[in-house]
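Structural description and commentary
Take a look at the letters that make up each chain.
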Amino acid sequence: MQAHPINGRVLIVAGSDSGGGAGIQADIKAVSALNAFAMTAIAALTAQNTTGVYGVLPVDPAFVALQMKVVLEDLGADSIKIGMLANAAVIEAVAGEYEARAINVPLVVDPVMVSKSGHFLLEPDAVQTLRKRLLPHAELVTPNLPEAEALTDIPVRNLDDMRRAAEMIRTFGPKAVLLKGGHLEDERLCDLLLTEDGEEVFEGRRIHTPHTHGTGCTLASAIAAGIAQGLGVRDSVARARAYVDEAIRSAPGFGHGHGPLNHLHTVRPFP
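The present account deals with the structure reproduced in this document.

Cut-off values and rules
Per chain, residue numbering runs from 1 following the sequence as it is written. Local features in this predicted model are restricted to residues whose pLDDT is 70 or higher, and side-chain atom pairs enter the listing and the counts only when it is 80 or higher, whereas totals over whole chains, interfaces and linings include all residues. Side-chain metrics rest on all non-hydrogen atoms present in the structure, leaving aside hydrogens and water. Only the contacting stretch of a helix is used when fitting its axis, a line to C-alpha atoms as for every element, and angles between N-to-C directions run 0 to 180 degrees. Numbering of helices and strands runs from the N terminus; a helix is a DSSP stretch of H or I covering at least four residues, while a strand is a stretch of E covering at least two. Roughly parallel means an angle under 35 degrees; roughly antiparallel, over 145; roughly perpendicular, 65 to 115; everything else is oblique. Less than a right angle of anticlockwise turn of the near helix away from the far helix marks a crossing as left-handed, whereas a clockwise turn marks it as right-handed. By definition in these notes, contact holds between two residues if any of their heavy atoms fall within 4.5 Å. For this scheme, ten residues count as nonpolar: Ala, Val, Leu, Ile, Met, Phe, Trp, Tyr, Cys and Pro. Four count as charged, namely Asp, Glu, Lys and Arg, and the remainder, Gly too, count as polar.

Across the interface, helix α2 (residues 61-74) lies against helix α3 (residues 88-101) with an axial gap of 8 Å and an inter-helix angle of 25°. What the angle tells us is that α2 and α3 run roughly parallel. The handedness of the crossing between α2 and α3 is right-handed. Across the interface between the two elements, Pro-61, Val-64, Ala-65, Met-68, Lys-69, Leu-72 and Glu-73 of α2 pack against Ala-89, Val-90, Ala-93, Val-94, Glu-97, Tyr-98 and Arg-101 of α3. For the contact of α2 with α3, the residue count by class is 10 nonpolar, no polar and 4 charged.

Written as structure tokens, this is what we have:
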């Protein structure tokens, strides 16, 4: 069987999830499932499963930067995805390395702050550092509603609130904002994409399942894969949403809490 050639290099800078459903593990699966090549700089270790986060161990900022440096110098990247960075010192190191070696590489920032189980994954004083040091470089930033509220201090309860929050986030410097509406109560799901050309609302139906661990990480990495492959932001978002939707629908049902997605639903059995 002839394999499709791998298209697009994605450097992922994020934390590890020992349960395999989110973080670096989900990122690698999503990028690979969409036929791009995943590389990593691990910014934190976590001890977690589907029921919660039981420990976080940040990686030394200089070593996070070194991982980025050696990957960029040798393999290069067509996009970079930022996930959990844990604290301000790591954010500073990542921003500095990006500015030094990858300033023209499209950057997708998923501002990971709180886990599905409610555990804080970003130190409170680091929110301002994230906003000032990384968002101005971003091709796209992908906050959920609690993250948008933390970035803007705007309570988000409906689509109009989403517009106000997304507009404020764009003033921080990113070229585009994808504000994810999954935390609203409505059966109709709305994700708002705001770019310099205007807005687009992506609509879908809520899937009633506990197996949604890692959806944010997975979506952002799937978008980064599309951008690495030459798709525009809008088309990358549309493809990534369809990919995540099927990954939720076909989730394997593992664990006793918020279970993982089926990241590899695109992969055929090996003969």
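Still more to cover.
Moving on: the packing of helix α7 (residues 215-228) against helix α8 (residues 233-249). It is at 8 Å that the axes of α7 and α8 come closest, and there the two elements cross at 140°. As far as their axial angle goes, α8 and α7 are oblique. α7 and α8 meet at a crossing whose hand is right-handed. Contact with α7, carried on its side by Thr-215, Thr-218, Leu-219, Ala-222, Ile-223, Ala-225, Gly-226 and Ile-227, involves Val-233, Ser-236, Val-237, Arg-239, Ala-240, Arg-241, Tyr-243, Val-244 and Ile-248 of α8 and no other residues of that element. Grouping the amino acids of the contact of α7 with α8 by side-chain chemistry returns 11 nonpolar, 4 polar and 2 charged.

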